[in-house]
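Understanding the architecture of this molecule
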Amino acid sequence: MHNPKLTSIAKALLAAGVISTATATAMADEAQPKPQGGIAEVIITAQKIAQPASKTPLALSVLSGEDLKNAGTVDPRALAESLPGVEIAQESGMLQVSIRGVTSLDMTEKGDPSAAFHVDGAYVPRYEAQAAAFFDLDRIEVLRGPQGTLYGRNATAGAINLITNKPTRKLEGKVGVELGNYGTRRYDAVLNVPLGDTWAMRAALNGNKHDTYLLPGPNTIPLESQDDKSARVHLLGKFTPTTSLLLTAERNEIGGGAASPVPITNFFTGTLVGTLPFTAPGRGNHIQNPVYVDRGTDVQRTAAWPFKQDAGSHRDNRADSLRGEFKTSLGATELTYQLAQMKLKLDQLNNGVYFGFPFTTLNVGDSKAISHELRLNSTGDGPLRWVVGAYKFDEDIFRRAAYTTYVTAPFGSFNIVLPFLATLNNKSQAVFGQATYALRPDTRLTVGVRHTKDRKSGYDPLSGEAAVPPATTSSKAYAEDVRFSNTSFKVGVDHDLRDNLMLYANVSTGYKAGGFNAEADTGVYRPETLRSYEAGLKGRFFENNMQLSANVFHYNYKDQQLTVTTCRTNDPSTCHSFTTNAANSTVNGVEIEGKLRVGQDGMLRANWAATDAKFKRYIVSPTIDFSGQKLDRAPTSTIGLGYTHKFSLESGGEIAATIGTRHSTSYYISDPTENIRYRQPSYHKSDASIGYESAAGNWNVQLFVKNIEDMVKIESRVPGSFFISDPRTYGIRAAYNF
């Protein structure tokens, strides 16, 4: 597909065309018949205060609980199928979120994500815990673009907010079960109980289990699978109409077979490099000049290179969260205080192949993060709306890890072990404020600012090399203590062309904290920053039976943090992963998203994103120059379509049928140090479901199939291997409400 060159003139013309079309549609609204009902307005908290999504002047998508139910979405990776400009992959069992080409590849304990992930306003800092709380949700808010003012550090790509269902004053509950292929067994249960006149409780349970999606090839050990169990309890006290206290306890047990990648040769042919003198033929860490070959799904998901057969495989992780939120009114001002604590216990053994030999990664440890946020915001109807606050975050991390390569040579077998024993601390403090002033009834000016101070410290007496007794530290040991500060801002204006049509334009910045590498003398890297220029429109037409949002944007992305794995020699003991401020980039794009109610019983959803994301300057080495090349995980274009139709039955019951599809152009996953780019070709994948709900609404059943085409794509890379997407899955869900 043609790669669009989005010059400033082209963007302006496109914006003008989209705005003109939407304006003409709005003007025609008066002449159209007035159907009954419409698409319900969604109230969101993306800007720390409650407001309608259609009146929030920034690029965001909202998926309601009903949307998630119709699409059969039960995990975060499936979100990308419904969102423009968003890719969500997995690496070593952890989420890897890319928004408009902005992502983070440092998945270690010293790394930070580029998209801020929150559950009920509480920041989730560790990748391992981000997929766990995906149950009993009211909605999901996905903010695209830097969110430095209200969300702070580590939000250069955007933010994802999971909003759970809260206790109500009604005695009710639900139980549900799902059965599917690959031994899928899922269950969920909810109980909501009023406790007197003041308190109410909501408890939710969830379990997800399935066998491996991979074919074992020569392997007999367990491969990657899922066996998760989760529980959440909310206790909500409403003391007055404006004073409340929400207490939450949540546990997520994350189990099953640990991460298992597949060989790069499942997808590509070419000359294998990155080998040892005694590496078996047909194996290696890289392929020079790789050529994609579609060998079919069965070959693509086969663990064709042998792992360490007696090493085993396990994932026994646990994330425990305690959260509290107190709200009260002080005249025309609302005060909110949020306290959150997350403890993560990690015990995981991953299998892989390195230099063509079996390779294991053992990660054991724990972390504890505590955050505080105090906010004040206006509640009156005057021309000025504002929010101010202070934030504090403190995280302690301990990791014991061992990366072991099991080498077989003509002269015998031996192991190369890289041990780590890291202790780290992250601290962040910030003050922020954002105000919106109505210059006139139809025009508003928004100004926001946030000042952040970060401190990161760490110590590892080993850092990939065993200490030689009587010494207790190695030559690679490091001790670092670094500090950074940043001031992010936002300036925006929005204008109502009419009551249901808003134009907006913003300039905003984002910031991702700097850090250090996990080996002596490998350096400190600076924060990365991103400045975004964005203009768009949001409208609701035809008696709210159609809603539309569209935007164009331009990014200046500086000091981009890029993480690579490289070896000083062909000895695995000299290999390490490190992060540098390697590049400056530009990203231009267009996004359109909409819903259309078709008659009384149909809902059409569509989204389109065009992205031109390129390295402005990226000199990898004196002989390797990536300048002008596309960023990884940034397809030029994605298109999503979905339709749900409901059929009313004479009995009073209802059948709902949903079908959706997404097409993506090609994208790259690269190894810059070897000047290698693996190209995932363009693809499309489709989902469908049909369900029945009883007349009383107390029970329902749904048949579903996901990835009808059985298409498997590469999602992320480690040396020699890829982590891949899920194959075709299908099954049946049933639930009873009481």
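Residues numbered from 1 in each chain as written. Predicted model: local features only at pLDDT ≥ 70, side-chain atom pairs only at ≥ 80, totals over all residues. Heavy atoms only, no water.

**Notes on the overall build of the chain**
Of regular secondary structure, the chain possesses 3 helices and 42 strands. In terms of overall dimensions, the chain has C-alpha extents of about 85 × 60 × 55 Å along its principal axes. Across the 738 residues in the chain, those meeting the buried criterion constitute 55%. Only carbon and sulfur atoms are counted for the fraction: they give 59% of the accessible area of the chain, which is about 29400 Å². (Helix = DSSP H or I, 4+ residues; strand = E, 2+ residues; numbered from the N terminus. Buried < 20%, exposed > 50% of the residue type's maximum accessible area, 1.4 Å probe, protein only. Areas by Shrake-Rupley, 256 points an atom, 1.4 Å probe, with all protein chains shown as cover.)

**A closer look at the packing of aromatic side chains**
One pass over the structure, following the stated rule, counts 24 aromatic pairs. Both rings, one in phenylalanine 278 and one in phenylalanine 411, keep their centres 5.9 Å apart while their planes meet at 85 degrees; by these two values the pair is edge-to-face. On the criterion of sequence distance, the pair formed by phenylalanine 278 in the loop between strand E16 (268-273) and strand E17 (286-292) and phenylalanine 411 in the loop between strand E21 (384-409) and strand E22 (412-440) is long-range, its members being 133 residues apart. The exposure class assigned to phenylalanine 411 is exposed, which follows from its relative accessible area of 64%. Both rings, one in tyrosine 354 and one in phenylalanine 359, keep their centres 5.0 Å apart while their planes meet at 55 degrees; by these two values the pair is tilted. (Phe/Tyr/Trp six-rings, centres within 6.5 Å; stacked < 30°, edge-to-face > 60°.)

**Focus on the sheet that holds strand E3 (residues 60-64)**
With mixed pairing, 5 strands are arranged side by side in an open sheet as E3-E8-E9-E6-E7. Of all the strands in the sheet, just E3 and strand E7 (122-123) have a single pairing partner and so form its edges. Sheet topology note: the strand E8 (residues 137-144)/strand E9 (residues 158-164) ladder contains 7 bridges and is antiparallel. Bridge pairing in E9 links glutamate 141 to asparagine 161. (Pairing = 2+ DSSP bridges.)

**Examining the pairing of strand E30 (residues 575-598)**
Sheet analysis places strand E29 (residues 546-567) next to E30, joined by 20 bridges and oriented antiparallel. When the bridges of E30 are listed, cysteine 567 appears paired with cysteine 575. Taken together, the 15 bridges between E30 and strand E31 (residues 602-617) define a ladder with antiparallel strand orientation. Note on E31: the bridge partner recorded for threonine 586 is lysine 614.

**Overview of the pattern of salt bridges**
Considering all chains together, one arrives at 46 salt bridges under this definition. Measuring nitrogen to oxygen at the nearest pair gives 4.0 Å for the salt bridge that ties arginine 153 to aspartate 454. Taken together, the residues span a long stretch of sequence, with arginine 153 in the loop between E8 and E9 and aspartate 454 in strand E23 (residues 443-460) at a distance of 301 residues. For the pair shown, arginine 153 and aspartate 454 are each scored as buried. Residue aspartate 481 is joined to arginine 455 by a salt bridge in which the shortest nitrogen-to-oxygen separation is 2.6 Å. Within this pair, whereas aspartate 481 is found in strand E24 (residues 478-498), its partner arginine 455 is found in strand E23, the two being separated by 26 residues in sequence. (Salt bridge = Lys/Arg side-chain N within 4 Å of Asp/Glu carboxyl O.)

**So, unusual backbone geometry**
For the bond from proline 469 to proline 470, the omega torsion is 10 degrees, close enough to zero to count as cis. Along the chain, the position of proline 470 falls in the loop between E23 and E24. With phi around 50 degrees, phenylalanine 542 is a residue other than glycine that occupies positive phi space. By secondary structure assignment, the location of phenylalanine 542 is in the loop between strand E28 (528-541) and E29. Phi is positive for aspartate 710, close to 55 degrees, though the residue is something other than glycine.

**Section: the sheet that holds strand E41 (residues 721-724)**
Two orientations exist for strands paired in a sheet by backbone hydrogen bonds: parallel and antiparallel. Reading across the sheet, the 3 strands line up as E15-E41-E40 and stay open at both edges, with antiparallel pairing between neighbours. Looking at strand neighbours, the two that pair on one side only are strand E15 (262-263) and strand E40 (714-718), the edges of this open sheet. With 4 bridges connecting them, E40 and E41 associate as antiparallel partners. Counted as the bridge partner of serine 716 is phenylalanine 723 from E41.

**Points about the pairing of strand E20 (residues 357-378)**
Looking along a regular strand, one sees the side chains alternate between the two faces of the sheet. Pairing geometry for strand E19 (residues 333-354) and E20, over 22 bridges, is antiparallel. In the sheet register, glycine 352 faces E20, and the bridge partner there is phenylalanine 359. The hairpin turn running from E19 into E20, its antiparallel successor, is 2 residues long, and phenylalanine 355 in that turn takes a positive phi close to 55 degrees. Bridge analysis of E20 against E21 gives 19 bridges, and the strand direction is antiparallel. Paired with aspartate 366 across the bridge in E21 is phenylalanine 398. Turn length for the E20-E21 hairpin, with the two strands adjacent in sequence and antiparallel, is 5 residues.

**Let's talk about the confidence of the model for the chain**
Low-confidence regions, as indicated by low pLDDT, have predicted coordinates that should not be scrutinised in detail. A residue-level look at the chain finds 95% of positions with pLDDT of 70 or above and a mean pLDDT of 90. Confidence over residues 1-36 falls short of pLDDT 50; this stretch has 58 contacts with residues more than four positions distant or in other chains. (pLDDT = per-residue confidence, 0-100. Contact = heavy atoms within 4.5 Å.)

**Thoughts on the side chain of asparagine 377**
With respect to the element layout, asparagine 377 can be found in strand E20. Using a relative accessible area of 4% as the deciding quantity, one classes asparagine 377 as buried. If we ignore the near neighbours within four places in the chain, the residues touching asparagine 377 are Ile49, Ala332, Thr333, Glu334, Trp386 and Val387.

**Some points on a nonpolar patch on the surface**
Taken together, the side chains of Val177, Leu179, Tyr187, Leu205, Ile690, Leu703 and Ile732 present a nonpolar region at the surface, about 610 Å² in accessible area. Residue isoleucine 732 is classed as partly exposed on the basis of its relative accessible area of 36%. (Patch = residues over 30% accessible without salt bridge, like charges linked within 9 Å, V, L, I, M, F, W, Y side chains within 5 Å.)

**Section: the environment of leucine 349**
The topology assignment puts leucine 349 in strand E19. Separated by 265 residues in the primary sequence, leucine 349 and proline 84 place their C-alpha atoms 35 Å from one another. Ignoring anything within four residues of it in the chain, the contact list for leucine 349 reads Ala258, Ala311, Gly312, Ser313, His314, Thr360, Thr361 and Leu362.

**Here we look at the side chain of asparagine 317**
When you line up the elements, asparagine 317 lands in strand E18 (residues 314-330). A distance of 2.9 Å separates a polar side-chain atom of asparagine 317 from the backbone nitrogen of aspartate 347. Only 2.8 Å separates the side chain of asparagine 317 from the side chain of glutamine 348, close enough to count as a polar contact. Setting aside anything within four residues of it in sequence, one finds asparagine 317 in contact with Asn252, Glu253, Ile254, Lys345, Leu346, Asp347 and Gln348. (Polar contact = N/O pair within 3.5 Å; in protein donor to acceptor, adjacent residues only side chain to side chain.)

**A few points about the environment of aspartate 320**
Mapped onto the elements, aspartate 320 comes out in strand E18. Note: C-alpha distance between aspartate 320 and glutamate 250 (70 residues apart in sequence) is 5.7 Å. In contact with aspartate 320, not counting residues within four places along its chain, are Glu250, Arg251, Gln341, Met342 and Lys343. Within the local environment of aspartate 320, its side chain forms a polar contact with the side chain of arginine 251, the two groups lying 2.8 Å apart.

**Structural notes on the nonpolar core**
General note: in soluble globular proteins, nonpolar side chains tend to be found buried as a group. By size, the foremost hydrophobic cluster in this structure holds 40 residues, and its most contacted members are Leu79, Ile88, Phe117, Ile140, Ile160, Leu162 and Phe615. The leading source of residues in this core is E29, at 4 residues. Excluding residues within four positions of it along the chain, isoleucine 140 makes contact with Ser61, Val62, Leu63, Leu68, Leu79, Phe134, Ile160, Asn161 and Leu162. Judged by nonpolar contacts, the second largest core, of 22 residues, contains Leu223, Tyr678, Tyr683 and Val712. (Core = buried A, V, L, I, M, F, W, Y, C linked by side-chain atoms within 4.5 Å.)

**Overview of the environment of glycine 594**
Within the element layout of this structure, glycine 594 appears in strand E30. Expressed as a C-alpha distance, the spacing of glycine 594 and lysine 538, which sit 56 residues apart in the sequence, is 9.5 Å.

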